[in-house]
Amino acid sequence: MPADYTPATIADVRRLRDTLDQQGKKLVFTNGCFDLLHAGHVRYLEQARALGDAMVVALNSDASVRALKGPDRPLNSQNDRAEVMAALRAVDAVVIFDDARATALIEAIRPHVYAKGGDYTVESLNREERSALEAAGSQISILPLVPGRSTTSTINKMLATDCTLASNANARLRLAVLGSGAGSNLRAIISAIQAGTLNAEIAIALSDQSESSFLQIAREAGLSALFVDGGANPRKFSDAAQKEIFEHLERARVDVVVLIGFMRILKDPVISAYAGRIVNVHPSLLPKHKGANAPQLAIDAGDSETGCTVHLVTAEIDAGRILAQAAVPVNAGDTAEKLHARIKTEEHKLLPKVLNEWRELGLPVRGAGQP
Ligand code: GRF
């Protein structure tokens, strides 16, 4: 068995397509990263192959997998992935391609059938790929993914069995920090990590505001900083954006999700998958003054004291378990801005402290006990 398998060229595949065409037969085309082959892939490929008489798989090159999935992927090199793929009974040829999209290949090969797996519809396919398929006269077939089988879930199971990693009390907490605004709490977390008073690392910083100081601070600190487009309503997140956030968190292998002034409401899949591992800082002594404008609400209520609360996040807003609080006096003549600034000074101490004590508080991390 040759160690170095040679993938097919586009010309090889085009010849295969023309030969099949002359015989009144059909070439099926599908594409993907196929980084860690599992039964879900095999079943999908069998179904795709059954749509025609031969099948070519276009594999994303290593560079394009990195661009699509992040710097830790692929796990297997393009030549290894191609060799494994070519050994499957459903696969007749494998080509490697470098672009994020398969448009150029579709134009060159003109497959009879194009198969795609997942939660796509014909309408949600990439526009360029779809017009290339229409121009080639290809039949488009969307096949369902096999539930419970995915490369990400396989990687996570492998990590979860690494007990040393999951239960090591001294391991640095991997944080995702989500914010929409000024980012002063993000700056406080970064400073605490640098000062050695918070044993953590920020795996990823996400914002729904592309121009926010939050993102700017994250970028200046050299963090992996991403904008997620949440749609028109600034307090809600589209289902697609909820899923995108979840995928970023999974890919970054995050222990704890930290919300600081994140103005969108997180829902599933994040809320369920990260239950007990999402924390928020709120500028009042909860359960008083939930929701927006808490410092103004404290002034309006004539409170002599307010403060900040670090609490776990559940589906109900500002109602999860309280982890820590710090009080701040309301002074005569306080404006909401002045009061909020003094509250933030306390937040900047309290939040890093809670995060540093995360395991001592008996709170969960990724791995043991996590799905
Ligand atoms: C903080 O006051 C926090 O309590 C609230 O939003 C504010 C975020 O401030 N949830 P910053 O962006 O960290 O400066």
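The sections below set out a description of the structure shown in this document. (Residues numbered from 1 in each chain as written. Predicted model: local features only at pLDDT ≥ 70, side-chain atom pairs only at ≥ 80, totals over all residues. Heavy atoms only, no water.)

1. Some words on the layout of surface pockets
Stated formally: Using only the protein atoms, space was sampled on a 1 Å grid; points where a 1.4 Å probe fits but cannot get out form cavities, open sets with protein on both sides within 12 Å along at least five of seven lines form pockets, and lining residues are those with an atom within 4 Å of a point. Grid points are joined across faces, edges and corners, and a volume is the space filled by probe spheres set on the points. Strands are runs of DSSP state E lasting at least two residues, helices are runs of H or I lasting at least four, and both sets are numbered from the N terminus onward.
For the second largest pocket, the calculated volume is near 870 Å³. Lining the second largest pocket are 39 residues, and of these Gly261, Phe262, Met263, Asn280 and Val281 lie nearest its centre. Where the lining of the second largest pocket is concerned, the elements lending two or more residues are helix H9 (184-195), strand E9 (256-260), strand E10 (278-282), helix H13 (294-300) and helix H14 (336-356). A per-element tally of the lining of the second largest pocket places H14 first, with five residues.

2. Things to note about the nonpolar core
We apply this condition: Only buried Ala, Val, Leu, Ile, Met, Phe, Trp, Tyr and Cys residues count toward a nonpolar core, and they belong to the same one when joined by side-chain atoms within 4.5 Å. Three exposure classes are used, based on accessible area relative to the maximum for each residue type with a 1.4 Å probe and protein chains only: buried under 20%, partly exposed in between, and exposed over 50%.
In this structure, Leu175, Leu186, Val258, Leu355 and Trp358 are the most contacted members of the largest nonpolar core, which totals 39 residues. The greatest single-element share of this core, amounting to six residues, is contributed by H14. The next biggest cluster of nonpolar side chains, apart from the first, holds 23 residues, and it includes Leu206, Val254, Val257 and Ile271.

3. Details of the environment of methionine 55
Locating methionine 55 in the fold gives a position in strand E2 (residues 54-60). Counting along the chain gives 186 residues from methionine 55 to alanine 241, while the straight-line C-alpha distance between them is 34 Å.

4. Brief notes about the environment of leucine 223
Quick note on the threshold: Note on contacts: a residue pair is in contact if any heavy atoms of the two residues lie within 4.5 Å.
For leucine 223, the location among the structural elements is in the loop between helix H10 (213-220) and strand E8 (225-227). Through-space distance from the C-alpha of leucine 223 to that of histidine 340 is 27 Å; in sequence the pair is 117 residues apart. When near neighbours in sequence (up to four residues on either side) are disregarded, leucine 223 contacts Leu186, Ile190, Ile202, Ala205 and Ala218.

5. Here's the deal with the sheet that holds E8
Selection criterion: Only strands joined by at least two bridges in the DSSP assignment are considered to pair. Here an axis means a line fitted to C-alpha atoms, over the contact stretch when the element is a helix, while the angle between two N-to-C directions is reported on a 0 to 180 degree scale.
The strand order E8-E7-E6-E9-E10-E11-E12 describes an open sheet built from seven strands, whose pairing is mixed. Two strands in the sheet have a free side with no partner beyond their single neighbour: E8 and strand E12 (322-329). Averaged over all pairs of adjacent strands, the angle between their axes in this sheet comes to 20°, without regard to strand direction. Direction of pairing for strand E6 (residues 173-179) relative to strand E7 (residues 200-207): parallel, over a ladder of six bridges. Bridging from a neighbouring strand, alanine 176 pairs with isoleucine 204 of E7.

6. A short note on the packing of aromatic side chains
Keep this limit in mind: The criterion for an aromatic pair is that two Phe, Tyr or Trp rings (for Trp, the six-membered ring) have centres within 6.5 Å, with stacked assigned to planes under 30 degrees apart, edge-to-face to planes over 60 apart and tilted to the rest.
According to the stated counting rule, one finds three aromatic pairs in the structure shown. Arranged with centres 6.0 Å apart and planes meeting at 20°, the rings of phenylalanine 29 and tyrosine 114 form a pair that is stacked. You can see phenylalanine 29 sitting in strand E1 (residues 27-32) and its partner tyrosine 114 sitting in strand E4 (residues 113-117), a full 85 residues away along the chain. A single burial state applies to phenylalanine 29 and to tyrosine 114, both of which are buried.

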